[in-house]
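Each chain is listed here by its residues.
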Amino acid sequence: MKRIRLHRLSSQLLSTTPARSPPSSTRICRAAQISRLQAPLCCQRRWQTTSSEAVLEDPDNMEEIPILPPEEDRITPLPSPPPERALYSAKLAALHARLSLSSKIPLQTLARTLIDPSADADPRFNNANLAFVGASILQYHTSEFLITRYPRLPMAILFSAMKGYSGVPALHQIARAWGVEAAAAPGEEVDPGLLQFSQDKPTVMMSKWGYVRAESKEIQKYKWRRGLSSAVVYDNAFGEMVSEQRQQKTEEREGTPPEVSAARNTKDLVVDNPVGNAHANFVRAVVGAIYLHCGRDAAKTFVKSHVLSRTLDLSNMFEFKTPARELVRLCGREDFDPPVARLLSETGRLSRTPVFVVGIYSGRDLLGEGAASSLNDARVAAAINALKAWYLYSPVDTAVPSDTFMEDAAPYKPAYVDIGEIIS
Amino acid sequence: METRPLLQPLLRSISAPTSTPTSTRAAAAVTVACIPRRHQSSTSRTKRALKVAPHPSFFPTSAGSESSSTQVIYNPPSSAPSVYHTPFKFLPPSDPRRKANLAQLLRSSADLASSSASKSSSLPPELKDRERKYNVTQEQVEEMRMLRASDPERWSVLRLAEKYGCAPYFILMCCRAPTDHRDRERARLEAVKARWGAIRSAAREERKKRRDLLHKGML
């Protein structure tokens, strides 16, 4: 009983504070002012001293009692907790410490990164803008990391690897690993250290580069084939097609939308993975907040230590259709001797479980070897291994272009990037 | 213990004639082979047989105590090579590893100079690939197409391959049968597949799965 009453108390009090400021100032700016921060505390103290006996007498009709002055009767609760309460949340402080964030990043900003657009549609209070900045930084660092580290990756693998490092599933995992929990439902009275989103409200999807194709509806409806080179031009950073409705929402968000209008977003009201999308937006928003408060280098270090340090096995992403033919094409293109399969070793040829080890040679050089239980399979496995060894080449010096942003950095030496994948 | 080696030949000589009264020489040999012989009959013998000395690479090379204490033993188990290890030939010209590996560099330049005949001396045996013949001319291809289009029943793929002395795959690359013939053939194949029992269909399915796994490099 006592606990419930306290919750009611705080929610009623805080709703009477001027929640939505004029659009000139953002919530972060207001939170920085100390006098405003003191206001709710004073209110609370006074309230407790003056009208505590009323609560003790009859806690059930507490809502009917006009505790506060009648001109502030905007009792409609805020969609998300006000930033002033961020200073009193143990969860937020713990998260700030756990991520070893700089003290330049205020707790109010960290609280704002936890508010998804589906919880609070007002772009001055949700994390959409921070997440937009963070997504661009994340994808920039991921792509430069991948291209300088593996300059020969085929485009399809590169898209998958981008998704594996900075896509929604990976960022969801990162947010889970940071110990961020989702609130049962967003609301004003919720602890600001919980991730606030709602499953059935329109939200914003962050991966928004690329163009809408003229034939995007037909592609969705009839499953038209779309080539990989058009995916490079048109699609987003993960090779996923940008559809019409998403683009509308982009325009809406990049303009000055007061609210996410329901009429426009009924089409894709719910994104396909609202939980993952909210968690991913939170991680992106943290990166964006670090960029805004601590600068470019701190954001790069953060991305490197939390996102790019994760292990992604690129060698298991490949799937070849005609590996032997592709290897012949590769050797022809690079002016190597044509590949020849040679039997390196074998055992149990006449038994039920034979093992053959076949190596693919070009001239005298062993390109790859594979073992299987039949000669043909071993040859295919060896060709696949040779192709993987080609594609997964990694140079010694993996300096990325953003290294030159630092002070007293050496002038950038152009990285080796291969001419492209083998087309058989 | 002592009596067993003496008894065994005796037992053998007794059992051979009793089990084979016809007493042909071959039959006697078979029965002798059928008599179970105990090879490693006790734990201690098995243990003694399996006691193999460690590989010499595990022992320090020199007897000096101060050198053995600083020695690093590197003896990894045999395993499939990593695909992250780029072969020398795949290194781009700008890579510093190419210049560092002088032995490879000199060897591959010597390879370029030498003829292909001297190459295959020390290499492992080549796997036999199917014979590639390039014997079909342009006119023959035209004729082949004409024959296939005129009477696909008579001029089947195998028949055409036999006629022109090429692989059936090459015929499939060149010609395309009329649509009705293709439909007929497909229907015939479907009828054959429909007669397959559970075991054969499952085996085909599994073969397909194995091929997919192989192409993903997971087999």
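See the structure above.
Everything numeric here is computed off the predicted structure, so don't read it as measured data.

1. What about the overall build of chain A?
And step 1. Within chain A one finds 17 helices and three strands.
And step 2. Taking all 424 residues of chain A together, 46% fall into the buried category.
And step 3. Sequence separation of at least 24 residues holds for 67% of the intrachain contacts in chain A that already meet a minimum separation of 6.

2. Some words on the packing of helix α9 (residues 168–177) of chain A against helix α14 (residues 274–294) of chain A
Residue and element names in this part refer to chain A.
And step 1. Running from N to C, α9 and α14 point in directions that differ by 70°, and their axes come no closer than 8 Å. With respect to α14, the axis of α9 lies roughly perpendicular. When α9 is examined against α14, the residues Val168, Leu171, His172, Ile174, Ala175 and Arg176 are found in contact with a partner set consisting of Val275, Gly276, Asn277, His279, Ala280, Phe282, Val283 and Arg284.

3. A closer look at the nonpolar core
And step 1. If you look at the biggest cluster of nonpolar residues, it comprises 69 residues, and the most contacted ones within it are A:Leu95, A:Leu146, A:Leu153, A:Trp178, A:Phe282 and A:Val286.
And step 2. Among the elements that take part in this core, helix α17 (residues 375–391) of chain A stands out by supplying nine residues, more than any other.
And step 3. If sequence neighbours within four positions are ignored, A:Phe282 has contacts with A:Leu95, A:Thr113, A:Leu114, A:Asn127, A:Ala175, A:Trp178, A:Val180 and A:Leu195.
And step 4. B:Met144, B:Leu147, B:Ala161 and B:Cys166 belong to the second largest nonpolar core, which has 13 residues in total.

4. Quick notes on the interface of chain A and chain B
And step 1. The partner chain B presents 35 residues to the 45 residues of chain A that form the contact.
And step 2. Of the roughly 3400 Å² buried between chain A and chain B on both sides combined, carbon and sulfur atoms contribute 57%.
And step 3. The largest per-residue losses of area from chain A upon contact with chain B belong to A:Arg342, A:Arg364 and A:Asp365, which jointly make up 21% of the total buried on that side.
And step 4. At the junction of chain A and chain B, the tally comes to four salt bridges.
And step 5. Note that B:Glu126 and A:Arg342 form a salt bridge whose closest N and O atoms lie 3.9 Å from each other.
And step 6. In this assembly, chain A and chain B are joined by 12 residue pairs in polar contact (both at pLDDT 80 or more).
And step 7. Elements supplying a minimum of two residues to the side of chain A that touches chain B: α16 (323–333), β1 (339–347), β2 (355–362), β3 (365–372) and α17 of chain A.

Definitions and cut-offs
- Residues numbered from 1 in each chain as written.
- Chains lettered and ligands numbered in written order.
- Predicted model: local features only at pLDDT ≥ 70, side-chain atom pairs only at ≥ 80, totals over all residues.
- Heavy atoms only, no water.
- Helix = DSSP H or I, 4+ residues; strand = E, 2+ residues; numbered from the N terminus.
- Buried < 20%, exposed > 50% of the residue type's maximum accessible area, 1.4 Å probe, protein only.
- Contact = heavy atoms within 4.5 Å.
- Axes fitted to C-alpha atoms, helices over the stretch in contact; angles between N-to-C directions.
- Parallel < 35°, antiparallel > 145°, perpendicular 65-115°, else oblique.
- Core = buried A, V, L, I, M, F, W, Y, C linked by side-chain atoms within 4.5 Å.
- Buried area = accessible area lost by both parts, 1.4 Å probe.
- Salt bridge = Lys/Arg side-chain N within 4 Å of Asp/Glu carboxyl O.
- Polar contact = N/O pair within 3.5 Å; in protein donor to acceptor, adjacent residues only side chain to side chain.

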